[in-house]
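Below are the chains, spelled out letter by letter.
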Amino acid sequence: SSLIGCQAVDQFRAMIPAAMNFGVTPVEIKEIVYQAVDYCGMGRVFPFLRATNEALEKLGVELPLPGQSATDRDTRLEAGIQAQVDIFGEGMRNFTKSGPEETRHINVWLAGNCFGDYYTRGGLDFRTREMLTFCFLAAQGGCEAQLTAHAGANMRLGNGRNFLIKIVSQCLPYVGYPRSLNALRCVDEAAEKQKG
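Here is what the cut-offs are and how they apply
- Residues numbered from 1 in each chain as written.
- Predicted model: local features only at pLDDT ≥ 70, side-chain atom pairs only at ≥ 80, totals over all residues.
- Heavy atoms only, no water.
- Helix = DSSP H or I, 4+ residues; strand = E, 2+ residues; numbered from the N terminus.
- Buried < 20%, exposed > 50% of the residue type's maximum accessible area, 1.4 Å probe, protein only.
- Disulfide = S-S within 2.5 Å.
- Core = buried A, V, L, I, M, F, W, Y, C linked by side-chain atoms within 4.5 Å.
- Contact = heavy atoms within 4.5 Å.
- Patch = residues over 30% accessible without salt bridge, like charges linked within 9 Å, V, L, I, M, F, W, Y side chains within 5 Å.
- Areas by Shrake-Rupley, 256 points an atom, 1.4 Å probe, with all protein chains shown as cover.
- Salt bridge = Lys/Arg side-chain N within 4 Å of Asp/Glu carboxyl O.

### Notes on the environment of glutamate 62
Item 1. Mapped onto the secondary structure, glutamate 62 falls in the loop between helix H4 (42-58) and helix H5 (76-88).
Item 2. The exposure class of glutamate 62 is exposed, given its relative accessible area of 70%.
Item 3. For the pair glutamate 62 and isoleucine 165, spaced 103 residues apart in the sequence, the C-alpha separation amounts to 36 Å.

Okay, structure coming up:
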């Protein structure tokens, strides 16, 4: 996920066979790429989707993979709101109705699309998805407010401060020191908020 966040498509392509050698499944790899769309944007993720499909086909994986979607047009918003509550806490229950009227539609999109369409999919649990989101945000930089919030969500789900420090340490060679140091600061800010 950090390779997607920092746009290292060649390194990502090279890591797919290695990841599979260590037990990462094709479904998990595709889910990482799909989830990246909400955090990095389709324009930046599309080359990774193409690279993933090419690498999997080269490894003899039959595509398409089994579908992982768990919602539809009628259930995605409600499921997304519940996912936000499960991850961030009860304070997210009315998030779609918060903020200025002219921007509330974005809150609805976030709940229905990011959380309803993606977080509810099979293949990865919430705890893993939050770790991936932390990596997407840390690797692209400039998302410190969201990175702090998702560091807090990680801690709430059991990915504690020490775990996140290990994640930052593993990502450092790919994303560099400035983004890694920023991520560590966000982890510490989230840890302080958890205490309060």
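We are not done yet, so read on.
### Thoughts on the state of the cysteines
Item 1. Under the definition given, this model contains zero disulfides.
Item 2. Counting only cysteine sulfurs, cysteine 143 is the nearest neighbor of cysteine 186, a cysteine outside any disulfide, at a range of 9.6 Å.

### Overview of the nonpolar core
Item 1. Judged by nonpolar contacts, the single largest core of 45 residues is most densely connected at Ile4, Phe134 and Phe136.
Item 2. Setting aside its immediate chain neighbours within four residues, phenylalanine 136 contacts Ser1, Ile4, Gly5, Ile32, Gln35, Ala36, Tyr39 and Cys40.

### Quick look at a nonpolar patch on the surface
Item 1. Nonpolar side chains collect at one region of the surface, where Leu77, Ile106, Val108 and Trp109 lie side by side and expose about 370 Å² of accessible area between them.
Item 2. It is helix H6 (residues 104-119) that provides the largest number of residues to the nonpolar patch, a total of three residues.
Item 3. Mapped onto the secondary structure, isoleucine 106 falls in helix H6.

### A look at H6
Item 1. For H6, every residue scored as buried is listed here: Asn107, Ala111, Gly112, Cys114, Phe115, Gly116, Tyr118 and Tyr119.
Item 2. Taken together, the buried residues of H6 touch helix H3 (26-40), H5, helix H7 (126-140) and helix H8 (144-156).

### Some thoughts on the pattern of salt bridges
Item 1. Across all of its chains, the model carries nine salt bridges by this definition.
Item 2. Its salt-bridge partner being arginine 13, residue aspartate 10 comes within 3.2 Å of it at the nearest N-O pair. Of this pair, aspartate 10 and arginine 13 both sit in helix H2 (residues 9-21), three residues apart, which is roughly one turn of that helix.
Item 3. On the basis of relative accessible area, arginine 13 is assigned to the partly exposed category, the value being 33%.
Item 4. A salt bridge links arginine 121 to glutamate 31, with the nearest nitrogen and oxygen atoms 2.8 Å apart. Of this pair, arginine 121 sits in the loop between H6 and H7 while glutamate 31 sits in helix H3; the two residues are 90 residues apart in sequence, bridging distant segments of the chain. You'll find arginine 121 and glutamate 31 in the same group, each marked buried.
Item 5. The network of salt bridges with common partners includes Glu31, Arg121 and Arg129.

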